[in-house]
Amino acid sequence: MSLLTIRNLTVRFATATGSFTAVDGVDLSVNRGEVLAIVGESGSGKSVSMLAVMGLLPDTATVTADQMTYDGQDILAMTPAQRRKLIGREITMIFQEPVASLNPSFTVGFQIEEVLRLNLGLSGKAARNRALELFRAVGIPEPEEKLKAYPHQMSGGQCQRVMIAIAIASNPRLLIADEPTTALDVTIQKQILDLLMSLQEDYGMGLILITHDMGVVAETADRVVVQYKGRKMEEAEVLDLFENPQSPYTRALLAALPEHATGDRLPTVSDFFDKEAVR
Amino acid sequence: MTPVVEGRAIVRDYHVPGNMLRRARNVRAVKGIDFSVQKGKTLAIVGESGSGKSTLARIIALIDPASGGELLIEGQRVDISARRPGPELRSKVQMVFQNPYGSLNPRQKIGDVLTEPLIINTDVPAAERRDRARAMLQKVGLMPEHYNRYPHMFSGGQRQRIAIARALMLNPSLLVLDEPVSALDLSVQAQVLNLLADLQDEMGLTYVFVSHDLSVVRYIADDVMVISKGEAVEQGTREAIFANPTHPYTRQLFAATPVTDVEAIRARVARRKAARQGTVA
């Protein structure tokens, strides 16, 4: 049932002062139709491990893994051409800054039709119709008009809807969303999360949601992986994680939520464990 | 008691210049807002992007003048539209900005960051400026030896501590904080919120705290003002607003805020399971 399986993934970056290990022996798998949340703070390696799957890391990065398979196919052994067939079609990704993810010089209609042309071989009227269909699916009002709009003429929430439309254009089986709502207001965040969840259910996609926000995890995930400094601290079903967190780091993260504050002071990570214990 | 800061019908217009196709027009970003904050209290201003909350914060921080209405700092009417605020007024109100990566000059050492407000606004001699800066570093949880380092050597949370230290160098009575923790990681956010609470107790500071995050507001605020499209749609004590939000916009904000309550998660997981079995059957 497993769609993506990663075993012992390590990502090292060559830097001026030697090699830096951003992801250190992480195991991960996501099933068909499952929502997996990867939670961690900045520097936890949560984005880097997914960029490694997508092959989007710079040349300074060295990726090693005992296993990295998508639907039984070995991703690491693929030729670039084979990989391109997979990435952007079967596995797609959306990013944190929707406005920056779109090209400011082209209309959003052009950008979505480009994907349809390259990945599905659609052109002209067929591409236009499919683009309209996708814009409707992600809830963009007046889709005919909006196809002609440039990214700067749309709000952040609408740009993220366009990005989602582009990401689901090829009916992917796995969507990776890297902090999809961090740059957005809470009310817009709610709309985008609702949209992702309903698309995930309708299309039966696997969804990997990278986030630092425990609130987002609580509202979306089936299963959760908690990462800290490149290592996996804990993996649990979402309810178990919130009800009975095993790792001290997870307990610290949950206690640091302002809504869980009991007294005058918020507990911090160092109240729960010293960093030496982890490294 | 005179409030530390009071606003009466504060208005702010922005002029949008016209072009060939469009006539020039005025946009009213803040549409007549009243508020007051007593000494040692925290007023939280909540709203979404474009609601005018940062515009209002900049007016209170004496960075931008209001286009109309009255602003009173410690009972004194203040108008900065004609003349910039002098050292005395500057020393009363200071601001901390959202992004600690953007608000510190990368070419300035931390010591210079902290002593600059003293150089501009006071005639404190150099030796004392240094001593005060070192003492302030300790007060915000950093080390005196950080004095000679540059901003890039610090993490986001440490930088926000530096920005707070800089704002406190002149012993202000009012601190305007524009989303001071929204760029920080959760565990660091907790540390900075604790620091702000400690400093408030210790120095009797008054805060105007701009935020879009209701869970942070619930933790730190005494009074809450919800603004939408330049208007204060709801104002009251924290208890009153969180217990019984009356305006539809406030309710909408509450409904959109993610819930991390175990029962809520249990309900969601159960709903999802049911929906799945429905599709299978």
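Residues numbered from 1 in each chain as written. Chains lettered and ligands numbered in written order. Predicted model: local features only at pLDDT ≥ 70, side-chain atom pairs only at ≥ 80, totals over all residues.

Caption draft 1: Layout of the UniProt feature "domain: ABC transporter" (unreviewed entry) in chain A. The UniProt entry lists residues 6–254 of chain A under the feature "domain: ABC transporter" (unreviewed entry), expressed in the numbering used here. The straight-line gap between the two end C-alpha atoms of residues 6–254 of chain A is 27 Å; of that span, 41% is helix and 27% is strand. (UniProt positions renumbered as here; feature names shortened; annotations may be inferred. Helix = DSSP H or I, 4+ residues; strand = E, 2+ residues; numbered from the N terminus.)

Caption draft 2: Main features of the UniProt feature "domain: ABC transporter" (unreviewed entry) in chain B. According to UniProt, the feature "domain: ABC transporter" (unreviewed entry) maps to residues 11–254 of chain B in the numbering used here. As annotated, residues 11–254 of chain B has a helix share of 36% and a strand share of 25%, and its two end C-alpha atoms lie 27 Å apart.

Caption draft 3: The arrangement of the pairing of strand S10 (residues 223–228) of chain A in detail. Residue and element names in this part refer to chain A. Counting buried residues in S10 gives five out of six residues, a clear majority hidden from the surface. As defined by bridge partners, strand S3 (residues 35–39) adjoins S10 across four bridges and the pair is classed as parallel. When the sheet's bridge partners are listed, isoleucine 38 is paired in S10 with valine 225. In terms of strand pairing, S10 meets strand S11 (residues 231–237) through six bridges, oriented antiparallel. By the bridge assignment, valine 224 is partnered in S11 with alanine 236. (Buried ≥ 20, exposed ≤ 12 C-beta atoms within 10 Å, placed from the backbone. Pairing = 2+ DSSP bridges.)

Caption draft 4: Inspection of the confidence of the model for chain B at higher detail. On average, residues of chain B score 91 in pLDDT, and 99% of them reach the 70 mark or higher. For this predicted complex, the interface score ipTM comes out at 0.78, alongside a pTM of 0.83. (pLDDT = per-residue confidence, 0-100.)

Caption draft 5: Structural detail: the sheet that holds strand S9 (residues 223–228) of chain B. All names here are of chain B. Judged by pairing direction, the sheet is mixed, and its six strands sit side by side in the order S6-S7-S8-S3-S9-S10 without closing on themselves. A single partner strand is all that each edge strand has here, and the edge strands are strand S6 (93–96) and strand S10 (231–237). On average, each strand axis in the sheet is inclined to that of its neighbour by 15 degrees, with strand direction left out of account. Of the pairings in the sheet, the one linking strand S3 (residues 42–46) to strand S8 (residues 206–211) comprises five bridges and is parallel in character. Within S8, the residue paired with threonine 42 across the bridge is tyrosine 207. Packing of helix H1 (residues 53–60) onto the sheet brings it into contact with S3, strand S7 (174–178), S8 and S9, and relative to S8 it is tilted by some 155 degrees. (Axes fitted to C-alpha atoms, helices over the stretch in contact; angles between N-to-C directions. Contact = placed C-beta atoms within 7 Å.)

Caption draft 6: Focus on the sheet that holds strand S4 (residues 68–73) of chain B. Residue and element names in this part refer to chain B. The four strands lie next to each other as S2-S1-S4-S5, forming an open sheet whose pairing is antiparallel. The open sheet terminates on both sides in strands that have one partner only, identified here as strand S2 (25–37) and strand S5 (76–78). For this sheet, the mean inter-axis angle between neighbouring strands, taken without regard to orientation, is 35 degrees.

Caption draft 7: Expanded view of the nonpolar core. Ranked by size, the top nonpolar core spans 155 residues in total, and within it Ile112 and Ala165 of chain A together with Ile45, Val176 and Val208 of chain B carry the most contacts. Counting residues per element, this core draws most heavily on helix H7 (residues 156–168) of chain A, which supplies eight residues. Those residues within four positions of isoleucine 45 of chain B in sequence are excluded, and the remaining contacts are Lys53, Leu56, Ala57, Val208, Val210, Met225 and Ile227 of chain B. (Core = buried A, V, L, I, M, F, W, Y, C linked by C-beta atoms within 7 Å.)

Caption draft 8: The interface of chain B and chain A, seen in detail. Counting residues at the interface gives 27 residues for chain B and 30 residues for chain A. Elements represented by at least two residues in the side of chain B that touches chain A include exactly helix H6 (186–203), helix H7 (214–220), helix H9 (248–256) and helix H10 (262–280) of chain B. In terms of residues, the side of chain B that touches chain A owes the most to one element, H6 of chain B, which gives seven residues. Class assignment of the residues belonging to the side of chain B that touches chain A gives a composition of 14 nonpolar, nine polar and four charged. (Nonpolar A, V, L, I, M, F, W, Y, C, P; charged D, E, K, R; others polar.)

Caption draft 9: Examining unusual backbone geometry more closely. Residues and elements named next belong to chain B. One non-glycine residue, alanine 9, lies in the positive phi region at around 50 degrees. Summarising the element assignment, alanine 9 is placed in strand S1 (residues 5–16). A positive phi is found at asparagine 171, a non-glycine position, where the angle reads about 55 degrees. Looking at the secondary structure, you find asparagine 171 in the loop between helix H5 (156–168) and S7. Asparagine 171 gets classed as exposed once you count the C-beta atoms within 10 Å, which come to 12.

Caption draft 10: Here's a closer look at helix H4 (residues 108–120) of chain A. Residues and elements named next belong to chain A. Taking 1.5 Å as the rise per residue, H4 with 13 residues should run 18 Å; its terminal C-alpha atoms sit 18 Å apart, in good agreement. Listed in full, the buried residues belonging to H4 are Val108, Gly109, Gln111, Ile112, Glu113, Val115 and Leu116. The inward-facing, buried residues of H4 abut helix H5 (124–137), helix H6 (143–146) and H7. Following H4 by one or two positions, glycine 121 adopts a phi angle in the positive range, close to 70 degrees. (Expected span 1.5 Å × (residues − 1).)

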